[in-house]
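An overview of the molecular structure
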Amino acid sequence: MARIRSLFRAPFRHGIISIFLALGAGLALVLATSVPADAQLRQLRRAIQKNVQLAVERQRLRLRVENSAGPIEALALGPDGQFMVTVSGDGRPRLWDLQNGREIRRQNRLSATAAAVAFASDGRRFAIIEENGALSLWGTDAASPLGQAVLSGPTPTALALSPDGAAAVVGHADGSATLLNLTDFSIARSFPGGGSSATNVDVGATGQFILIGAANGDVRVVEASSGAVVRSAAVTGATLTDARFGIDETEFYTADSRGAVARWRVDADSAADQFDGASGGIAGLAVETSGTSVAAVEQEKNLLIWDTRSPGSPLVIEAHPGPIEGVAFDADPDRVITFGEDGVTRIWSRTDGSLIIQLISTENGWAVVDKDGRFDGSSRALSNLAWVGETLELPIDNFTDNLYEPDLLEKKRLGVGQFLAPGVPNWDEGILPPPTATVDLPPQIKLDALTEIDVKVTVKDEGGGINGFFLFHNTKLVSSDRIVSQDEDEGSDGLKTITATYRLRPIAGQNLFHTNAVSSEAILGATNLVTVTVQAPPREPVLHVLTVAINDYLDPQLNLNYALPDARGIQQIMEAEYGQIFGEVRLYEVFDDKATRRGMQQALAALQDTAPEDVVVVYYAGHGEATDKDFYFVTYEFELPLTHNRLERRALSAGALRKSIENIGARRVIMLIDACKSGTAVAGFQDQMDRRVIRKLGQSVGLHIVSATAKEQFAVEHAELGHGVFTYALIEAMAGKADTEPRDGNLTVREVVHYSEDEVPALSQKYAKYQHWPLIYSRGLDFTLGKVASQ
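These figures come from a predicted structure and were not determined experimentally. (Residues numbered from 1 in each chain as written. Predicted model: local features only at pLDDT ≥ 70, side-chain atom pairs only at ≥ 80, totals over all residues. Heavy atoms only, no water.)

1. A word on the pattern of salt bridges
Cut-off, in case you're wondering: Any carboxyl oxygen of Asp or Glu within 4 Å of a side-chain nitrogen of Lys or Arg constitutes a salt bridge here. For every residue, the accessible area (1.4 Å probe, protein chains only) is compared with the maximum for its type, and the residue is labelled buried under 20%, exposed over 50%, or partly exposed between those bounds. Helix and strand definitions follow DSSP, with helices as H or I runs of at least four residues and strands as E runs of at least two, each counted in order from the N terminus.
Scanning all chains against the criterion turns up 39 salt bridges. Among the salt bridges present, the one from Asp-307 reaches Arg-309, with a minimum N-O distance of 3.0 Å. Relative accessible area serves as the criterion here: at 31%, Asp-307 is assigned to the partly exposed category. For Arg-309, a relative accessible area of 62% translates into the label exposed. Two residues, Asp-493 and Lys-460, come together in a salt bridge whose shortest N-O distance is 3.4 Å. Here Asp-493 is found in the loop between strand 41 (483–490) and strand 42 (496–504), whereas its partner Lys-460 is found in strand 38 (residues 453–460), with 33 residues between them in sequence. Because the salt bridges share partners, they merge into one network encompassing Asp-90, Arg-94, Glu-103 and Arg-106.

The following block contains the structure:
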């Protein structure tokens, strides 16, 4: 039988059988040292030759998830494959929109452990039954239940909905079942049990018959309307673990604790087919809608898939590293879904057994990762993911340039769209060790005045080459212009070491310095963090707020309604609320015809002389467009039609903005982008480029970014709010509603960021009738923005 190993396995080192390095063709990471393209190519070629000579070993990586939501205890997939519901060990149901490629709702914790979850045939309603008898009905478009009730009697163990979604069947611990009308949750009929727990219940395709499987091996088929028993038989001498109808109500499938899987005719006493090949007890069973395939998961590790037309040896996939809870066929029967104790949902190819994608829920977010290491997800979830090797431990964020792929779930599951991330060559064989970088500073420095100090950075090639290095002060990038000396040396091991000295001014009190370097495969190495306390007279910080807003463009086709009110709202809330912790609040505004490309660049240049202690907030409200290379802020002088050449000549690129932000003296920078497209729906490719470019901007410079580049003007502007939904959420957050983590009267930038991430989708659903999720990148140091009244 075919056997495929899981992506999750113990890490090990791999030799240099295949050493292929990325030659920089798609590397967009901005390097701290400026190296011409031909020189980079020569450098990479030398690195390849040296790695072969030194027999540098690659390291295989495994994914580590912290703050997981816990084991997946129940899962249900809508018949059309758009929505999926999971209930994790933390007791919170989570709703995934698989077509749009993300988790869209985390519900409040259940009152008890979930016994089961089931979808109606319309794919837009689902029900959850808890072990305490609480039954609730939900809609995919509503955060509150459509109805709920509490059932008395034996503990619920199983759940199924009728094809029309009007009724639910609940199985109980004594083998009985209850049929309920979901319009008023009244009991339509009860089916007595034999004392052995109902392991599963199922409703046939016509809704006329109900199947009840009991742990003692008995299976009953009963008529829903009358309760008459059509079939009752003992199908196994072992513990029955699952039972369900086949393609119609004339057949059913069973599985037991000894690994037996069988197909039965309702009118026959013996099994029509036996499906052999399981090496252990079966935990769950699924039947493909056309009846051509049946899948089962063993209680440990393996997924098995049989072709029912010619039962023989199954395709066996090592699907999970430990216990598996269940299995389901996707809407496309070539995809099979498994879930288990490791808290990961995996989608597999039925054709060849390859892993398509992994879905991960953390306590406060979601992530997806494919077999080639590409990833997508919410900011809080991605901060909990890391790749771990024998000697390496790298946050998943370190692979952003190569592997961050917006809309990854949609692309992998449906096979649509193009990949934007170049990937890592030979990912399955591991990576070459990235360079290490260290900061050399004493733990304490005493200064009579806040003057500049020298910071020494040492970068060592560990076998993967050195393709750049970075120094961050209080998590913001220090410009390479601050390097006053740099030396290179090659050791006896043939590996290079770079020593660079930066000259910069610290702040009084605690200073955080960290450095890392990038390999020839464009992978950031581990971060070396040094904390230095500077004893010097303190300087009172100043809050600088730059607002750029364009309502009236040179081309009236681009005009907006709420850009200026949004910008003024941000100004007002910051001036009114945050002056108490800053020595001064300075406002800079660039509105309408002043917001040319040159005008924006001049305004940003004015922030270069801000002090390291200061805070800078940059807010942009206007149009934004993406090309296949960059994101552009559409400035006042831009005129339609939209072309790449026009954007390059008349708009401000994120690449140009990056250098301006890098040169800002303040170590704490927040960027808020409220950008919509030029009056038309945005192509998926452009939206993905928006997110990829803006995320990389935040990573490379080291700042907090909240971006709501929306699909159309209508989506972000609404008269009832008087603002765009994104800015409205920001103003609400800054007024104090974001003070939740913890609720202590101190409003921090990370609280504002997380509040926006949670509230913008809800507001856009309410006012624009579709959900929009802002892009969040929060790498910068968390800090207090202001004091607010405790909510």
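That was the structure; now back to the text.
2. Topic: the sheet that holds strand 19 (residues 218–223)
Formally: Strand pairing is assigned whenever DSSP detects at least two bridges linking the two strands. Comment: axis = line fitted to C-alpha atoms, over the contacting stretch for helices; angle = value between 0 and 180 degrees taken between N-to-C directions.
The strand order across the open sheet built from four strands is 17-18-19-20, with neighbouring strands paired in antiparallel fashion. Of all strands in the sheet, those with a lone pairing partner are strand 17 (198–203) and strand 20 (229–234), marking the two edges. Direction aside, the axes of adjacent strands within the sheet are offset by 10° on average. Across five bridges, the pairing between strand 17 and strand 18 (residues 209–214) is antiparallel. In the strand pairing of strand 18, Ala-198 is matched with Ala-214.

3. Brief notes about the packing of aromatic side chains
Which entries qualify depends on this criterion: Between 30 and 60 degrees the pair is tilted, below 30 it is stacked and above 60 it is edge-to-face, where a pair is any two Phe, Tyr or Trp rings, Trp via its six-membered ring, whose centres lie within 6.5 Å. We call a charge positioned above a ring when the Lys NZ or Arg CZ atom is no farther than 6 Å from the ring centre and deviates by at most 35 degrees from the ring normal.
Across all of its chains, the model carries eleven aromatic pairs by this definition. Aromatic pair Trp-96 and Trp-366: ring centres 6.0 Å apart, planes at 80°, arrangement edge-to-face. Of the two residues, Trp-96 sits in strand 7 (residues 93–97) while Trp-366 sits in strand 32 (residues 365–369), which places them 270 residues apart along the sequence. Take Trp-96 and Trp-366: they sit in the same class, and that class is buried. Aromatic ring contacts, followed pair by pair, group Tyr-253, Phe-275 and Trp-306 into a single cluster. Its guanidinium or amino end placed over the ring of Tyr-404, Arg-695 lies 5.0 Å from that ring's centre, counting from NZ or CZ.

4. Some words on the side chain of Glu-757
Rule in force here: Here a residue-residue contact requires only that any non-hydrogen atoms of the pair lie within 4.5 Å.
Among the structural elements, Glu-757 can be located in helix 12 (residues 749–768). For Glu-757, a relative accessible area of 12% translates into the label buried. Apart from the residues within four sequence positions on either side, Glu-757 is in contact with Ser-378, Ser-379, Arg-380, Pro-774 and Ile-776.

5. Structural notes on unusual backbone geometry
Following Leu-640, the chain continues into Pro-641 via a peptide bond in cis, with omega recorded as 10°. Counting through the fold element by element, Pro-641 comes out in the loop between strand 48 (631–634) and helix 7 (644–650). Positive phi, close to 75°, is recorded for Lys-301, a residue that is not glycine. With respect to the element layout, Lys-301 can be found in strand 27 (residues 300–307). Exposure remark for Lys-301: the relative accessible area of 37% places this residue in the partly exposed category. Unlike most non-glycine residues, Ala-522 shows phi in positive territory, near 60°. Positionally, Ala-522 belongs in the loop between strand 43 (509–517) and strand 44 (528–535).

6. Comments concerning the sheet that holds strand 42
With antiparallel pairing, four strands are arranged side by side in an open sheet as 36-38-42-41. Both edges of this open sheet fall to strand 36 (436–440) and strand 41, since each of them pairs with a single strand only. Each strand of the sheet is rotated relative to its neighbour by a mean of 15°, with strand direction disregarded. Examined bridge by bridge, strand 38 and strand 42 share eight bridges and lie antiparallel to one another. Each bridged residue has a counterpart across the sheet, and for Lys-460 the counterpart in strand 42 is Thr-497.

So, to be careful, I would describe these as geometric facts and stop short of saying anything about function.
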